[in-house]
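Structural overview for review
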Amino acid sequence: MSKTAYVRTKPHLNIGTMGHVDHGKTTLTAAITKVLAERGADSTTQYVSFDRIDRAPEEAARGITINIAHVEYETDTRHYAHVDMPGHADYVKNMVTGAAQLDGAILVVSALDGIMPQTAEHVLLARQVGVDHIVVALNKADAGEEELTDLVELEVRDLLTAHGYGGDAVPVVRVSGLRALEGDPRWTASVEALLDAVDTYVPMPERYLDAPFLLSVENVLTITGRGTVVTGAVERGTVHVGDRVEVLGASVETVVTGLETFGKPMDEAQAGDNVALLLRGVARDTVRRGHVVAAPGSVVPARRFSARVYVLSAREGGRSTPVATGYRPQFYIRTADVVGDVDLGEVAVARPGDTVTMTVELGRDVPLETGLGFAIREGGRTVGAGTVTTVG
Ligand SMILES: Nc1nc2c(ncn2[C@@H]2O[C@H](COP(=O)(O)OP(=O)(O)OP(=O)(O)O)[C@@H](O)[C@H]2O)c(=O)[nH]1
Ligand SMILES: [Mg+2]
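Attention in this report is confined to the structure presented alongside it. For clarity, every value in this text was computed on a predicted model and none was experimentally measured.

Cut-offs applied
Residues numbered from 1 in each chain as written. Chains lettered and ligands numbered in written order. Predicted model: local features only at pLDDT ≥ 70, side-chain atom pairs only at ≥ 80, totals over all residues. Heavy atoms only, no water. Helix = DSSP H or I, 4+ residues; strand = E, 2+ residues; numbered from the N terminus. Rg over C-alpha atoms; globule rule 2.2 N^0.38 Å. Buried < 20%, exposed > 50% of the residue type's maximum accessible area, 1.4 Å probe, protein only. Contact = heavy atoms within 4.5 Å. Lys, Arg positive; Asp, Glu negative; His and termini not counted. Charge placed at Lys NZ, Arg CZ, Asp CG, Glu CD. Donors = N, O, S within 2.8 Å, 3.2 Å for Na, K, Ca; no water. Axes fitted to C-alpha atoms, helices over the stretch in contact; angles between N-to-C directions. Parallel < 35°, antiparallel > 145°, perpendicular 65-115°, else oblique. Phe/Tyr/Trp six-rings, centres within 6.5 Å; stacked < 30°, edge-to-face > 60°.

Some details on the overall build of the protein
Scanning the protein from N- to C-terminus turns up eight helices and 24 strands. Relative to the globule expectation of 21 Å for 392 residues, the C-alpha radius of gyration of the protein, 21 Å, shows essentially globular dimensions. Taken along its principal axes, the extent of the C-alpha atoms in the protein is 60 × 55 × 40 Å. Here the protein holds 392 residues, and 54% of them are scored as buried. Relative to all contacts within the protein whose residues are 6 or more apart in sequence, the contacts with residues 24 or more apart total 71%. The averaged location of the 52 negative side-chain charges in the protein is 5 Å from the averaged location of its 37 positive side-chain charges.

A look at the coordination of the magnesium ion (ligand 2)
Tetrahedral coordination by four donors places them ideally at 109.5 degrees to one another around the metal; octahedral coordination by six donors ideally gives 90 or 180 degrees. Looking at the metal site, the magnesium ion (ligand 2) is ligated by T26 (OG1) and T65 (OG1), spaced 1.9 to 2.0 Å from it. Of this pair, T26 sits in helix α1 (residues 25-37) while T65 is found in the loop between α3 (57-62) and β2 (69-74), placing the two residues 39 residues apart along the sequence.

Considerations on the packing of α1 against helix α8 (residues 185-201)
Two packed helices can be described by the angle between their axes and the distance between those axes. Contact geometry for α1 and α8: axes closest at 10 Å, N-to-C directions at 95 degrees. Here α8 runs roughly perpendicular to α1, going by the angle between their axes. From α1, L28, A31, I32, V35 and L36 reach across to α8, where they touch T188, V191, E192, L194 and L195.

Regarding the packing of aromatic side chains
Counting across every chain of the model gives four aromatic pairs. With centroids separated by 6.2 Å and ring planes inclined at 90 degrees, the aromatic side chains of F305 and F331 adopt a geometry described as edge-to-face. Note that F305 is positioned in strand β17 (residues 302-311) and F331 in strand β19 (residues 330-333), a separation of 26 residues in sequence. For F305, a relative accessible area of 0% translates into the label buried. When its relative accessible area of 0% is taken as the criterion, F331 is described as buried. Pairing F331 with F374 gives two aromatic rings, centres 5.7 Å apart and planes at 50 degrees, and the pair type is tilted. Of this pair, F331 sits in strand β19 while F374 sits in strand β23 (residues 373-378), and the two are 43 residues apart along the sequence. One exposure class covers both F331 and F374, and it is buried.

Right under this line is the structure:
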């Protein structure tokens with residue numbers, strides 16, 4: 001094995017495409033890699049075609065994205081890991097996992113259809129899991145009428161403002177992923193404009209390199225003959241080959257025996273990097289999405305916390321009936337989804353549209369901290385959005 005090592009030449013950011021089903025996220029993702037790959041002889045980006053992003057048989061058969069997929073590319077100034085997320089309502093679960101790792105997002109909205117239910121749901125979830133910057137791709141602009149597209153743009157800016165994204169300042173770029181993929185110069189230029197907007201509008205986030213290492217597991221794989229690998233974005237700190245780590249959730253302590261990003265080995269992974277960690281002697285079925293790999297002893301997981309929670313109204317896709325003490329929905333925290341018992345204290349009942357304080361007792365211990373955002377889901381829909389106020 002003589003794979004080329006990862007060379008850190010540019011700042012690295014995690015971005016991704018989100019938005020309603022069929023609005024063109026995967027097509028646009030493929031188009032971005034193609035446009036960048038064709039930038040010239042010194043391009044370091046490899047073109048990733050549509051069917052290499054949606055590569056599961058069920059994805060190909062149904063023509064939708066189910067799993068989140070990662071691709072990498074480089075602009076002149078930055079190296080990006082890009083997560084292409086599913087839009088279909090049944091796979092919002094996977095979308096939340098993808099969004100939990102992002103520094104910024106490209107909200108893809110079809111200029112033909114405008115805002116649809118998962119457009120709004122994804123914006124709300126992105127806000128909740130800590131995505132601070134959104135750039136809008138008004139896609140299918142090749143097929144849309146100008147006046148209608150203008151209306152869609154206004155509608156999207158309003159939606160973003162309503163969720164605290166300052167919709168007036170957000171870059172909205174009219175693109176056609178499909179035509180750009182076909183090489184039409186007008187539309188390859190639109191993808192270039194979108195990338196410029198991402199480069200300039202999404203700031204380099206502060207990376208907590210000095211903090212103890214923490215990574216929330218997105219996926220677990222087995223490499224035959226080598227062992228169990230976990231993937232995800234490093235939330236804070238650094239990790240090296242040979243470091244001891246603890247897997248919270250699996251209750252095991254082990255050693256990192258290999259470290260890669262997009263198939264390229266590295267000696268050190270830093271906060272923000274999207275990596276695969278090879279773990280010594282850990283059985284595949286002991287580690288799961290949502291477990292946390294951390295420097296030993298650096299975090300004490302907890303089960304109980306208090307939070308401020310907004311209960312979505314029915315109009316926002318939430319419940320039409322109130323929730324009461326004893327309610328047991330799923331809590332989406334980092335990449336984890338865990339059941340929890342809700343206690344509303346003296347208030348006892350929260351109606352859709354209310355913001356309330358609640359105490360939650362999770363079904364298992366999870367690393368928690370003040371300020372951590374989370375989503376609450378029930379029966380396949382998002383019903384609440386909250387922030388941890390106290391732990392324990
Ligand atoms: N006219 C036009 N059609 C497009 C464009 N981009 C995508 N499409 C078409 O829209 C359909 C959906 O595209 P996808 O890229 O699979 O959409 P998606 O948002 O990834 O869908 P999910 O991941 O399943 O939510 C396909 O038939 C595409 O060919 C575009 O810019 N213009
Ligand atoms: Mg897709």
